[in-house]
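# Breakdown of the fold
Chain residues, written in single-letter form:
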2 protein chains.
Amino acid sequence: MLSRSEEDHLKAVYSLLQEGADAFTNDVATRLHTKPSSVTVMLKKLADKGLLKHQPYRGVRLTAKGRGLALMLVRKHRLWETFLVDRLGFAWDEVHEVAEQLEHISSEKLVDRLSHYLGEPAFDPHGDPIPDRDGKLPERPTLQLTDCAVGDSVRLVAVKDPSDELLHLLGGKGIGIGARLKLVARHAFDGSFELHTAPKTTHTLSAQVAAHLLVERP
Amino acid sequence: MLSRSEEDHLKAVYSLLQEGADAFTNDVATRLHTKPSSVTVMLKKLADKGLLKHQPYRGVRLTAKGRGLALMLVRKHRLWETFLVDRLGFAWDEVHEVAEQLEHISSEKLVDRLSHYLGEPAFDPHGDPIPDRDGKLPERPTLQLTDCAVGDSVRLVAVKDPSDELLHLLGGKGIGIGARLKLVARHAFDGSFELHTAPKTTHTLSAQVAAHLLVERP
DNA sequence: TCCTTTATTTAGTCCTGTCTAATCTTTTTC
DNA sequence: GAAAAAGATTAGACAGGACTAAATAAAGGA
Ligand SMILES: [Mn+2]
Ligand SMILES: [Mn+2]
Ligand SMILES: [Mn+2]
Ligand SMILES: [Mn+2]
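Residues numbered from 1 in each chain as written. Chains lettered and ligands numbered in written order. Predicted model: local features only at pLDDT ≥ 70, side-chain atom pairs only at ≥ 80, totals over all residues. Heavy atoms only, no water.

## A closer look at the coordination of the manganese ion (ligand 3)
Residues and elements named next belong to chain B. Under the convention used in this document: Coordinating donors are taken to be N, O and S atoms lying within 2.8 Å of the metal, or within 3.2 Å when the metal is Na, K or Ca; because water is excluded from the atom set, some sites may appear incomplete. Going along the chain from the N terminus, every DSSP run of H or I of four or more residues is numbered as a helix, and every run of E of two or more is numbered as a strand. Relative accessibility thresholds used throughout: buried, under 20% of the residue-type maximum; exposed, over 50%; partly exposed, between the two (1.4 Å probe, protein chains only).
Surrounding the manganese ion (ligand 3) are the protein donor atoms D8 (OD), E100 (O), E100 (OE), E103 (OE) and H104 (NE2), which sit 2.0 to 2.5 Å from the metal. Read N to C, the donor residues that coordinate the manganese ion (ligand 3) are spaced as D-x91-E-x2-E-H. Note that D8 is positioned in helix α1 (residues 4–18) and E100 in helix α5 (residues 96–102), a separation of 92 residues in sequence. By the burial criterion, D8 is buried, and E100 matches it.

## Some words on the packing of aromatic side chains
The condition that has to hold: Whether two aromatic rings pair depends on their centres lying within 6.5 Å, for rings of Phe, Tyr and Trp, where Trp uses its six-membered ring; planes under 30 degrees apart make the pair stacked, over 60 edge-to-face, and the rest tilted.
All chains considered together, the criterion is met by six aromatic pairs over all chains. Ring plane angle 85° and centroid distance 6.0 Å describe the contact between W80(A) and W80(B), whose orientation is recorded as edge-to-face. Linking W80(A) in helix α4 (residues 64–87) with W80(B) in helix α4 (residues 64–87), this pair reaches from one chain into another. Exposure remark for W80(B): the relative accessible area of 3% places this residue in the buried category. Look at F83(A) and F83(B): their rings are 5.0 Å apart centre to centre, the planes differ by 50°, and that puts the pair in the tilted class.

## A look at α4(A)
Rules: Helix span, as expected, comes to 1.5 Å for every residue beyond the first.
Taking 1.5 Å per residue, 24 residues should reach 34 Å; α4(A) reaches 34 Å between its end C-alpha atoms and fits that length. Of the residues trailing α4(A), G89(A) is marked for its positive phi of about 75°.

## Focus on the protein's contact with DNA strand D
Under the convention used in this document: We call a residue near a molecule or strand as soon as one heavy atom of that residue lies within 4 Å of the molecule or strand. Here a polar contact is recorded for every N or O atom pair within 3.5 Å, except that within protein the pair must consist of a potential hydrogen donor and a potential acceptor, and residues adjacent in sequence are included only if both atoms are side-chain atoms. Note on residue categories: nonpolar means Ala, Val, Leu, Ile, Met, Phe, Trp, Tyr, Cys or Pro, charged means Asp, Glu, Lys or Arg, and polar means any other residue, Gly included.
Taken together, 18 residues lie near DNA strand D, and S3(A), S38(A), K45(A), T25(B) and H54(B) sit nearest. For DNA strand D, the backbone makes up 78% of the atoms found within 4 Å of the protein, where backbone means sugar plus phosphate. In this structure, K35(A) approaches DNA strand D through a main-chain N or O atom, which is 3.2 Å from a phosphate oxygen. Y57(B) places a polar main-chain atom, nitrogen or oxygen, 3.4 Å from a sugar or linking oxygen of DNA strand D. For the surface near DNA strand D, the elements supplying multiple residues, two or more each, are α3 (36–48) of chain A together with α2 (25–32) and α3 (36–48) of chain B. Split by residue class, the surface near DNA strand D holds five nonpolar, 10 polar and three charged.

## Section: the relation of the copies chain B and chain A
Let me state the cut-off plainly: When the copies are superposed, the least-squares fit takes in the C-alpha atoms of residues with a pLDDT of at least 70 in both. By definition, residues are in contact when any of their heavy atoms lie within 4.5 Å.
Turning chain B through 180° and shifting it by 0.0 Å along the axis lays it on chain A, with an RMSD of 0.1 Å. In the structure described here, the two chain copies are related by an operation that fits a two-fold rotation axis. Relative to the rotation axis, the closest C-alpha in chain B is found at L102(B), a distance of 3.8 Å. With an isologous cut-off of 70% or more, the 100% of interface residues of chain B that recur at the interface of chain A puts this contact in the isologous class.

## Digging into the nonpolar core
What counts here: Put simply, buried Ala, Val, Leu, Ile, Met, Phe, Trp, Tyr and Cys residues joined by side-chain atoms within 4.5 Å make one nonpolar core.
In terms of nonpolar packing, the biggest core is built from 34 residues, with F83(A), L102(A), F83(B) and L102(B) touching the most fellow members. Looking at this core, the elements with two or more residues in it are α4, α5 (96–102) and α6 (108–117) of chain A together with α4, α5 and α6 (108–117) of chain B. Excluding anything up to four places from it in sequence, F83(B) contacts F83(A), L114(A), Y117(A), L88(B), L114(B), Y117(B) and L118(B).

## With respect to the sheet that holds strand β4 (residues 153–159) of chain B
Residue and element names in this part refer to chain B. Worth spelling out the cut-off: Only strands that DSSP links by at least two bridges are regarded as paired with each other.
The six strands are arranged β3-β8-β4-β5-β6-β7 in an open sheet whose pairing can be described as antiparallel. In this open sheet, the two strands that pair with only one neighbour each are β3 (143–144) and β7 (201–205). Where strand β6 (residues 193–197) lies against β7, five bridges are found, and the strand directions are antiparallel. Residue T197 lies in a different strand from β7, and its bridge partner there is T201.

## Concerning the pattern of salt bridges
Proximity of charged atoms lets side chains of opposite charge pair with each other. All names here are of chain A. Condition: We define a salt bridge as a side-chain nitrogen of Lys or Arg found within 4 Å of a carboxyl oxygen belonging to Asp or Glu.
The full count for this structure, using the stated rule, is 27 salt bridges over all chains. Notably, a salt bridge pairs K11 with E103, separated by 3.1 Å at the nearest N-O pair. Placement of the pair is K11 in helix α1 (residues 4–18) and E103 in the loop between α5 and α6, with a sequence separation of 92 residues. When its relative accessible area of 0% is taken as the criterion, E103 is described as buried. Note that R133 and E108 form a salt bridge whose closest N and O atoms lie 3.8 Å from each other. With R133 in the loop between α6 and β3 (143–144) and E108 in helix α6, this pair connects stretches of sequence that are 25 residues apart. Judged by its relative accessible area of 48%, R133 is partly exposed. The exposure class of E108 is exposed, given its relative accessible area of 61%. A single network of salt bridges, built from pairs that share partners, joins R75, E108, D112 and R133.

## Some details on the domain arrangement of chain A
Keep this limit in mind: The start and end points of each domain follow an automatic or database-based domain assignment.
Taken domain by domain, chain A comprises domain 1 (4–62), domain 2 (75–139) and domain 3 (143–216). The distance between the C-alpha centroids of domain 1 of chain A and domain 3 of chain A comes to 33 Å.

## Brief notes about the packing of α1(B) against α3(B)
All names here are of chain B. The condition is simple: Helix axes are fitted only over the stretch in contact, all axes being lines through C-alpha atoms; the angle between N-to-C directions runs from 0 to 180 degrees. Orientation is classified from the angle alone, with under 35 degrees giving roughly parallel, over 145 giving roughly antiparallel, 65 to 115 giving roughly perpendicular, and any other angle giving oblique.
Two numbers describe how α1 lies on α3: the axes approach to 10 Å, and their chain directions differ by 90°. When the interaxial angle is binned, α1 and α3 end up roughly perpendicular. Residues S5, E6, H9, L10 and V13 of α1 lie in contact with α3, whose contacting residues are V39, M42, L43, K45 and L46.

Shown next, in the form of structure tokens:
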């Protein structure tokens, strides 16, 4: 049985590794708004429990067991986010905080029932993949909006590393998962995009925003 | 902001007082499966926060603020139980443990949305009243099955102080909230009841069980 | 290479929540 | 109305989790 703090540390390590970076003490501390010294202690505990290998000064690798547990946490987090948005009508930029609490509720039955209730969703409200009960992740397209050309017409499938601020910005322009985006111009000066959403509404997206948008061709 | 432990202590005090007993250190400790010395410490903390008055050796009374907070915890607990049974298909004897965790999730918006989603229910799966967002409790009938006479036909509206074991026993006989019960005999020897449920099925309920059943005449 | 900077770990402290053992109050019993 | 029993509080210890400050290791530059 892991404590809430142990679970949060494990999940932080998992997502750092997932993002391609290797997991260093400082990064974990930054992500959890805590201090490196605290992280070192927690990593030692998780290592003692066989969930990861910690090479002092060299970072961390997850064991199979640790990866499995982390995936179950991610599963819970994203299922709860889906519940909050799909069933309770939360906005997609309001759910992270609450899901951060709900993911620690421990009941296997609850998770499985919730998933079933929601229709075994494969993606959460931000387009992030939801691991199934065996820890398998569905595939997600990797085409970034920044790699698209003027004239392309694409559909938004996910917002990468979504912060509430970014989600709020997109929401304000009426852009959500599934939105059709037609690229009409790109400014050389700052890399920003002009694009049409549904009924000839034009929006401008900065290059920073565009880099977070994953899309697919229809 | 209260810790999980503080919340559990406050709720324990509330339910003891609700049940008519006055709240003594030992009772709280028993209810929380903890030791009296630990309870004393927590009562002091809650008193410092203005949630209750603690007269050493004399027990505890809630302040208005403390009662209000306790009611919000009860509200959350019973709403989550309702969600688990009505939406996720849990049995009524499987939800207490999980609701004990879920009640500590802190988000006012979540509670209100959940209540709305469930149709602003006034009673939980055990027939216990759910406080509204202002802390107002709906009325519940107080007629006990033990006060009924042979020949009476009544409807089950609540199981008082339901333990999972009691709920499981009733569930096994197909008796749930709303069930019609027709009393056909009562044994002088042990006070046990013979009664019919729906289609001429006869069941026997001990006096101990009957004392927990709240019913109303149709 | 050696020195400086940065990253990380270790040591020591504090706060919370729990426990056991000892002490103190209140209630019961004779 | 004492003495015993029961109930409650206090004192002291410990584990978990977090922080600051000090020590140590790795990396980079002169
Ligand atoms: Mn969390
Ligand atoms: Mn998400
Ligand atoms: Mn609880
Ligand atoms: Mn209940």
